[in-house]
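# Close look at the chain arrangement
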Amino acid sequence: MAGEVLEIENLDRFLLLKNGNYLYKIPFRNGYAVLKVYYGTRSMWRYIGGSVSNFFEGQTSFMPRARMLNEQTCMKIWREVGFRVFDTYDDVVVKGLPEGGYMLFEYLPALKFKDYFGDASAALEDRLHTYRRFLKEWYRRHDLAIKRREPRLVHENGDMKHVMIVDDQFLFFDFEMTYRSRRRVKEFVAREILAYLKSLGKIVGPELFPVFLKETIDHYPDGELLENAHRIMFDHPNLMIRCARAIDRRLYPRAAKPFSKHNVAQQLKKMLAGHTDHAA
């Protein structure tokens, strides 16, 4: 039963972002909240096509209601194991919006990783210290996901745009879609590792990326999981996927970009090999 009903006139004037969903920053309880509406920005054919594509990619549905339910479930799972996600106001109804097609989140004007790590005016040692703290928490989640065979603990859309710094915590967001298979969690972790490193490289640039990559190798507690990130890109156990990625590298210009997933995986492997040689 709803504890509160909101009726908002001219919702468009509160538009914060349109990025596949509609995000509104609305007045709420003497402050603000973020209203996320999952319907309306794409055609039904796009939703259906996206869902079919996601099925073959091993991901959850692209349909609006399914994305909302998936995000709600994932946030609950992450919160229960001690990771910071947005609080939500689940007892609030917004009149005029489709039931099961929106969520109301706390509003936090916090700093995103992409802005923090890309800020050249911030001391490098401070940024590296923050990154080391993140690596420990990152690994803890990966370890939990693998041990519990829980694909929803893998950040499917994880990158530097979807983590915020809130006091001394890291807040993670964007859980509309996740991976499905419990048998492939280790592979999904590898994909997430590459996605984060690819994003990090674009943000800190080619001069600093080796510094952050070395920190990753030195302070991420499981080198085997890092090695697996290269393995799933270049020696995937599924022959069809391995061939598709080889074709991708040969035919598509994006694969040659400095921070493509292919090149990041190669840089990671090279530095891991040097680290092993040095340790020996």
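Further up the page is the structure itself.
Below you will find a few notes about this structure. Here the structure is a predicted model, which means the values were calculated and not measured. (Residues numbered from 1 in each chain as written. Predicted model: local features only at pLDDT ≥ 70, side-chain atom pairs only at ≥ 80, totals over all residues. Heavy atoms only, no water.)

### Observations concerning the sheet that holds strand 8 (residues 163–166)
In plain terms, the rule: Pairing between strands requires that DSSP locate at least two bridges from one strand to the other. Strands are runs of DSSP state E lasting at least two residues, helices are runs of H or I lasting at least four, and both sets are numbered from the N terminus onward. It only takes one pair of heavy atoms within 4.5 Å for two residues to be counted as in contact. Angles run from 0 to 180 degrees between N-to-C directions of axes, and those axes are lines fitted to C-alpha atoms, restricted for helices to the stretch in contact.
Overall, antiparallel pairing links the 3 strands, which are arranged 7-8-9 in an open sheet. This sheet does not close on itself; its edge strands, each paired only once, are strand 7 (111–112) and strand 9 (169–172). Sheet analysis places strand 8 next to strand 9, joined by 4 bridges and oriented antiparallel. Bridge pairing links V163 to F172 in strand 9. Each of strand 8 and strand 9 is contacted by helix 4 (residues 124–148), which is oriented at about 55 degrees to strand 9, the strand it contacts most.

### Comments concerning the packing of aromatic side chains
Rules: Aromatic pairing here means that ring centres of Phe, Tyr or Trp (its six-membered ring) are within 6.5 Å. Orientation follows from the plane angle: under 30 degrees is stacked, over 60 is edge-to-face, and everything else is tilted. Two thresholds decide whether a charge sits over a ring: the Lys NZ or Arg CZ must be within 6 Å of the ring centre and within 35 degrees of the ring normal.
Per the counting criterion, the structure on display carries 26 aromatic pairs. Ring geometry for Y139 against Y220: centres 5.5 Å apart, planes inclined by 85 degrees, an arrangement best described as edge-to-face. Note that Y139 is positioned in helix 4 and Y220 in the loop between helix 5 (185–219) and helix 6 (223–234), a separation of 81 residues in sequence. The ring of F62 has R67 sitting right over it, with the charged end atom 5.3 Å from the ring centre. Over the face of the ring belonging to F172 we find R141, whose NZ or CZ atom lies 5.4 Å from the ring centre.

### Focus: the nonpolar core
Test applied: Here, nonpolar core refers to any group of buried Ala, Val, Leu, Ile, Met, Phe, Trp, Tyr and Cys residues whose side-chain atoms link them within 4.5 Å. Note on classification: 1.4 Å probe, protein chains only; a residue is buried when its accessible area is under 20% of the maximum for its type, exposed when over 50%, partly exposed between these limits.
In terms of nonpolar packing, the biggest core is built from 62 residues, with F172, I193 and L197 touching the most fellow members. A per-element tally of this core places helix 5 first, with 14 residues. Once residues lying within four places of it in the same chain are set aside, the contact partners of I193 are W138, H142, Y220, L225, L226 and A229. Counting residues in hydrophobic clusters, the runner-up holds 14 residues, among them F14, Y24, A33 and Y102.

### What about the pattern of salt bridges?
Operational definition: A side-chain nitrogen of Lys or Arg and a carboxyl oxygen of Asp or Glu constitute a salt bridge if their distance falls within 4 Å.
Per the stated rule, a full pass over the model turns up 21 salt bridges. Taking the shortest distance from any N to any O, the salt bridge between K214 and D218 comes out at 2.6 Å. On the criterion of helical spacing, the pair formed by K214 and D218 is a turn pair, its members being 4 residues apart in helix 5. Taking relative accessible area as the criterion, K214 reaches 48% and is therefore assigned partly exposed. For D218, a relative accessible area of 32% translates into the label partly exposed. When salt bridges with common partners are traced through the structure, they connect K36, R67, E71 and E176 into a single cluster.

### Details of the sheet that holds strand 6 (residues 102–106)
Whether parallel or antiparallel, the strands of a sheet pair through hydrogen bonds between backbone atoms. Pairing within the open sheet is antiparallel, and its 4 strands lie in the order 2-3-4-6. Of all strands in the sheet, those bounded by a partner on one side alone are strand 2 (15–18) and strand 6. Looking at each pair of strands side by side, their axes are set apart by 25 degrees on average, direction ignored. Pairing between strand 3 (residues 22–28) and strand 4 (residues 31–37): 7 bridges, direction antiparallel. Among the inter-strand pairings, Y22 is bridged to a residue of strand 4, identified as V37. Relative to strand 6, helix 2 (residues 64–80) is tilted by about 35 degrees, and along the sheet it contacts strand 4 and strand 6.

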